[in-house]
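Architecture at a glance
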Amino acid sequence: MMKRALSLADEAERLGEIPVGAVLVDEKGNILGEGWNLSITNSDPTAHAEIIALRRAAQKIKNYRLLNTTLYVTLEPCTMCAGAILHSRIKRLVFGAADYKTGAVGSRFHFFDDYKMNHTVEIESGILAQECGQKLSDFFRKRREQKKLEKSTY
């Protein structure tokens, strides 16, 4: 499923979005929802890959509780997405690359470590981390090169 999430990240990149993809599956491995970053496209700061996948899944099953599901995402979720994961009652989170700037699942913040939470999430990190991280590094390198070119044409 992480390979599928990586292919969804490519969709985001084609749109000029930060290349992050997410896939939510049920316990049988059936895809319930997929998403990729659409914040720029939709002028929506909440349109992260995880949120899009959760919304689509909830609409599909007609329930905001996404019990017994696993979310695969190419980048460690931020605090907003971690909150949505908690509220939707996802059972398991699997992510690729760590996000040392805004990651909320251990890299920057430890959102799920609070014992007072009313739900626990199983977490597996580092799945295809090199590939997920390289996709992001390449994207930002190209963006910096493009900005440098734009400045030099003035």
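See the structure printed just above.
Attention in this report is confined to the structure presented alongside it. (Residues numbered from 1 in each chain as written. Predicted model: local features only at pLDDT ≥ 70, side-chain atom pairs only at ≥ 80, totals over all residues. Heavy atoms only, no water.)

**With respect to the overall build of the protein**
Stated precisely, the cut-off is as follows: Under the DSSP-based scheme used, a helix requires at least four consecutive residues in state H or I and a strand at least two consecutive residues in state E, with every element numbered from the N terminus. Each radius of gyration is computed over the set of C-alpha atoms, and the globule rule expresses the reference value as 2.2 Å times the number of residues to the power 0.38. The rule is simple: take the accessible area with a 1.4 Å probe, protein chains only, and divide by the maximum for that residue type; under 20% is buried, over 50% is exposed, in between is partly exposed. Residue contacts follow a heavy-atom distance rule, with two residues in contact if any of their heavy atoms lie within 4.5 Å. Only the protein chains shown count as covering a residue, and every accessible area follows the Shrake-Rupley method with a 1.4 Å probe. The sign given to each residue is positive for Lys and Arg and negative for Asp and Glu; His and the chain ends receive no count. The atom standing in for a charge is NZ when the residue is Lys, CZ when it is Arg, CG when it is Asp and CD when it is Glu.
Across its full length, the protein carries five helices and five strands. The order of helices and strands in the protein, counted from the N terminus, is α-β-β-α-α-β-α-β-β-α. What you see for the protein is a C-alpha radius of gyration of 16 Å, in line with the 15 Å of a compact globule of 154 residues. C-alpha atoms of the protein, sized along the principal axes, occupy 55 × 30 × 25 Å. Counting over 154 residues, the protein shows a buried share of 44%. Here the contacts in the protein between residues at least 6 apart in sequence split such that 56% fall between residues at least 24 apart. By element, 52% of the accessible surface of the protein is carried by carbon and sulfur atoms, the whole surface being about 8700 Å². The positive charge centre, built from 23 side chains, and the negative charge centre, built from 19, are 2 Å apart in the protein.

**Regarding the sheet that holds strand 1 (residues 21-25)**
To keep it simple, the criterion reads: Any two strands between which DSSP finds at least two bridges are classified as paired. The axes used here are C-alpha line fits, helices contributing only the stretch in contact, and every angle between their N-to-C directions lies in the interval 0 to 180 degrees.
In space, the five strands of this open sheet follow the order 2-1-3-4-5, with mixed pairing throughout. Edge strands, defined here as strands with exactly one partner in the open sheet, are strand 2 (31-36) and strand 5 (122-125). On average, each strand axis in the sheet is inclined to that of its neighbour by 15°, with strand direction left out of account. Where strand 3 (residues 70-75) and strand 4 (residues 92-97) come together, five bridges link them in parallel fashion. Looking at strand 4, one finds that leucine 75 is bridged to alanine 97. Its contacts with the sheet place helix 1 (residues 2-14) against strand 1, strand 2, strand 3 and strand 4, and it is angled at close to 140° to strand 1. Contacts between helix 5 (residues 129-152) and the sheet are confined to strand 3 and strand 4, with strand 4 contributing the most and set at about 60° to the helix.

**Quick notes on helix 1**
We count it as follows: The span expected for a helix works out to 1.5 Å for each residue beyond the first. Directions drawn from the helix axis to the C-beta atoms are what define this arc.
Over its 13 residues, helix 1 extends 19 Å from the first C-alpha to the last, a length consistent with the 18 Å expected when each residue adds 1.5 Å. For helix 1, every residue scored as buried is listed here: Met2, Ala5, Leu6, Leu8, Ala9 and Ala12. Viewed along the axis of helix 1, the buried residues span an arc of 160°, placing them on a single side of the element. Opposite its buried face, helix 1 presents the exposed residues Lys3 and Arg14, each directed more than 90 degrees away. Each element contacted by the buried residues of helix 1 is listed here: strand 1, strand 2, strand 3, strand 4 and helix 5. With its phi angle positive at about 85°, glycine 16 sits one or two positions after the end of helix 1.

**Section: the packing of helix 1 against helix 5**
Here is the rule: These descriptions rest on fixed angle ranges, namely under 35 degrees for roughly parallel, over 145 for roughly antiparallel, 65 to 115 for roughly perpendicular, and the rest for oblique. Throughout, the ten residues Ala, Val, Leu, Ile, Met, Phe, Trp, Tyr, Cys and Pro are labelled nonpolar, Asp, Glu, Lys and Arg are labelled charged, and all others, Gly among them, are labelled polar.
Relative orientation of the contacting elements helix 1 and helix 5 amounts to 10°, with a least axis distance of 11 Å. In terms of their interaxial angle, helix 1 and helix 5 are classed as roughly parallel. Along the contact surface, helix 1 presents Met2, Lys3, Leu6, Ala9, Asp10 and Glu13, while helix 5 presents Glu131, Cys132, Lys135, Phe139 and Lys142. Of the residues assigned to the contact of helix 1 with helix 5, the class counts are five nonpolar, no polar and six charged.

Fair warning: the whole summary comes from geometry, so function is off the table for now.
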